[in-house]
Amino acid sequence: MTIPFQINDTINARRSIRSYRMKPVDRLVMDALKEFAKTMPVPFEHAVEIRFFHADPASSLYPFMKSPPDNVAFLAETDAISLSKVGFVGEMLILYARSRGLSTCWHGYYKLAELERLMPRLKEATMGSGYSTEGIRAICLTPLGYYKDSGLRLMDRITKTAFSHKRKELVELLENRDDVDRLTEDVVYALDLGRKAPSALNSQPWRFGFEDDFETVLIAMPQGYRHGTWEHPNVDIGICACHVWLGLIDKGYDPKVVVHEDSGRAVWKISL
């Protein structure tokens with residue numbers, strides 16, 4: 001499977017950006033991004049809908065930040081598997097955008113009324129207000145634009161240096177810490193990219209287990225996990241699974257992917 005960006009460099013360069021220049025994305029870049037959204041390589045079937053839309057700096061769409069002109073919404077059902085596939089598919093688009101020089105930021109919180117104003121077709125979805133609404137809804141959004149360093153809020157500067165980039169060590173993310181000595185270099189490489197995935201408030205809810213004599217990686221939240229404020233942590237698990245899958249591809253594998261639900265958790269199995 002061909003991935004149209006440098007996997008390691010792109011994942012390591014990706015940052016959550018909350019300060020943007022108020023200029024539209026270059027037309028050729030946007031055309032390429034929309035084409036990638038239609039044809040992106042993913043190893044499973046899905047019904048995640050990607051909708052591009054425009055906003056203006058006066059928009060109240062995002063909390064505590066001005067929206068750049070170009071944005072994306074990811075729509076899906078609200079069951080665990082669909083939510084997790086939003087994370088995987090959305091992260092693929094976000095990484096491709098990063099490879100084309102764009103900045104992004106996952107947003108699970110937004111003003112619904114403002115999104116409906118900016119994207120009238122949204123009303124075609126069977127959604128209402130509230131994060132637990134059944135049916136199709138806009139699960140997450142991301143701005144698409146160009147980073148603006150000047151005017152960055154104090155909180156973002158603190159986050160940039162002391163919070164967002166801090167990651168747990170790999171051994172802390174294993175279901176069984178003793179497994180660390182039995183992992184191949186290639187699997188460690190993929191899991192290291194997985195632990196660099198973004199998550200709500202940098203919660204890093206994923207845990208890694210193994211089957212088939214360590215030939216299959218399992219990625220899921222711990223049993224009974226609840227995030228304090230984020231309704232859909234299964235999205236974060238899908239983002240992590242995307243990074244691990246890409247890491248194995250980067251090492252020359254053609255990994256097989258299966259995802260199933262277990263007690264409200266999306267459980268990803270990625271096999272070499």
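Note that the coordinates shown come from a computational prediction; the quantities given were computed from them, not determined experimentally. (Residues numbered from 1 in each chain as written. Predicted model: local features only at pLDDT ≥ 70, side-chain atom pairs only at ≥ 80, totals over all residues. Heavy atoms only, no water.)

(A) Layout of the overall build of the chain. Of the regular secondary structure elements, the chain holds 7 helices and 9 strands. Its C-alpha atoms give the chain a radius of gyration of 18 Å, within 12% of the compact-globule value 19 Å for 272 residues. Along the first, second and third principal axes, the C-alpha atoms of the chain reach 55 × 40 × 35 Å. Residues counted as buried form 56% of the 272 residues belonging to the chain. Sequence separation of 24 or more characterises 74% of the internal contacts of the chain that already satisfy a separation of 6 or more. With the model as given, the accessible surface of the chain reaches about 12500 Å², and the carbon-plus-sulfur share is 49%. (Helix = DSSP H or I, 4+ residues; strand = E, 2+ residues; numbered from the N terminus. Rg over C-alpha atoms; globule rule 2.2 N^0.38 Å. Buried < 20%, exposed > 50% of the residue type's maximum accessible area, 1.4 Å probe, protein only. Contact = heavy atoms within 4.5 Å. Areas by Shrake-Rupley, 256 points an atom, 1.4 Å probe, with all protein chains shown as cover.)

(B) Quick peek at helix H3 (residues 80-99). The end-to-end C-alpha distance of H3 is 29 Å, a good match for the 28 Å that 20 residues give at a rise of 1.5 Å each. In terms of burial, H3 is largely enclosed, as 17 of its 20 residues are buried. (Expected span 1.5 Å × (residues − 1).)

(C) Broad picture of the pairing of strand S4 (residues 137-144). With 8 of its 8 residues buried, S4 lies for the most part within the structure. When strand S3 (residues 70-76) meets S4, the two strands line up antiparallel, connected through 7 bridges. Bridging from a neighbouring strand, Asp 70 pairs with Leu 144 of S4. (Pairing = 2+ DSSP bridges.)

(D) The sheet that holds strand S8 (residues 256-262), seen in detail. Read across the open sheet, the 4 strands follow the order S6-S7-S9-S8; overall the sheet is antiparallel. The sheet terminates laterally at strand S6 (207-211) and S8, the two strands that pair on one side only. When the angles between neighbouring strand axes are averaged without regard to direction, this sheet yields 25°. Of the strand pairs in this sheet, S6 and strand S7 (residues 216-220) are connected by 5 bridges, and their pairing is antiparallel. Looking across to S7, one finds that Phe 210 is bridged to Val 217. (Axes fitted to C-alpha atoms, helices over the stretch in contact; angles between N-to-C directions.)

(E) Here's a closer look at the side chain of Ser 199. Residue position: Ser 199 is located in the loop between helix H6 (185-195) and S6. Overall, the relative accessible area of 14% leaves Ser 199 in the buried class. Of note is the side chain of Ser 199, whose polar atom sits 2.9 Å from the backbone nitrogen of Gln 204. The residues touching Ser 199, leaving out its near neighbours within four places in the chain, are Gln 204, Pro 205, Trp 206 and Asp 236. (Polar contact = N/O pair within 3.5 Å; in protein donor to acceptor, adjacent residues only side chain to side chain.)

(F) Local environment of the pattern of salt bridges. By the definition in use, this model includes 11 salt bridges. Taking the shortest distance from any N to any O, the salt bridge between Arg 195 and Asp 192 comes out at 2.6 Å. Within this pair, Arg 195 and its partner Asp 192 are both found in helix H6, separated by 3 residues, close to a single helical turn. The partner of Lys 269 in a salt bridge is Glu 211, and the shortest N-O contact between them spans 3.3 Å. Within this pair, whereas Lys 269 is found in strand S9 (residues 265-271), its partner Glu 211 is found in strand S6, the two being separated by 58 residues in sequence. One network of salt bridges, with partners in common, ties together Asp 56, Glu 114 and Arg 117. (Salt bridge = Lys/Arg side-chain N within 4 Å of Asp/Glu carboxyl O.)

(G) Summary view of unusual backbone geometry. A positive phi angle, close to 50°, is found at Leu 201, a residue other than glycine. Judged by relative accessible area, Leu 201 falls into the exposed class, the value being 58%. Even without glycine at this site, Asp 212 takes up a positive phi of about 55°. Here Asp 212 is to be found in the loop between S6 and S7.

(H) Local environment of the packing of H3 against helix H7 (residues 233-250). Running from N to C, H3 and H7 cross one another at 50°; their axes reach a closest spacing of 7 Å. One element, H3, and the other, H7, form an angle in the oblique class. Pair H3 / H7 crosses with right-handed handedness. Listed contacts from H7 to Ala 80, Leu 83, Ser 84, Gly 87, Phe 88, Glu 91, Met 92 and Leu 95 of H3 are Asn 234, Val 235, Ile 237, Gly 238, Ile 239, Ala 241, Cys 242, His 243, Trp 245 and Leu 246. (Parallel < 35°, antiparallel > 145°, perpendicular 65-115°, else oblique. Left-handed = near helix turned anticlockwise from the far one by under 90°.)

Everything listed here is a matter of coordinates, which is why it stays silent on function.
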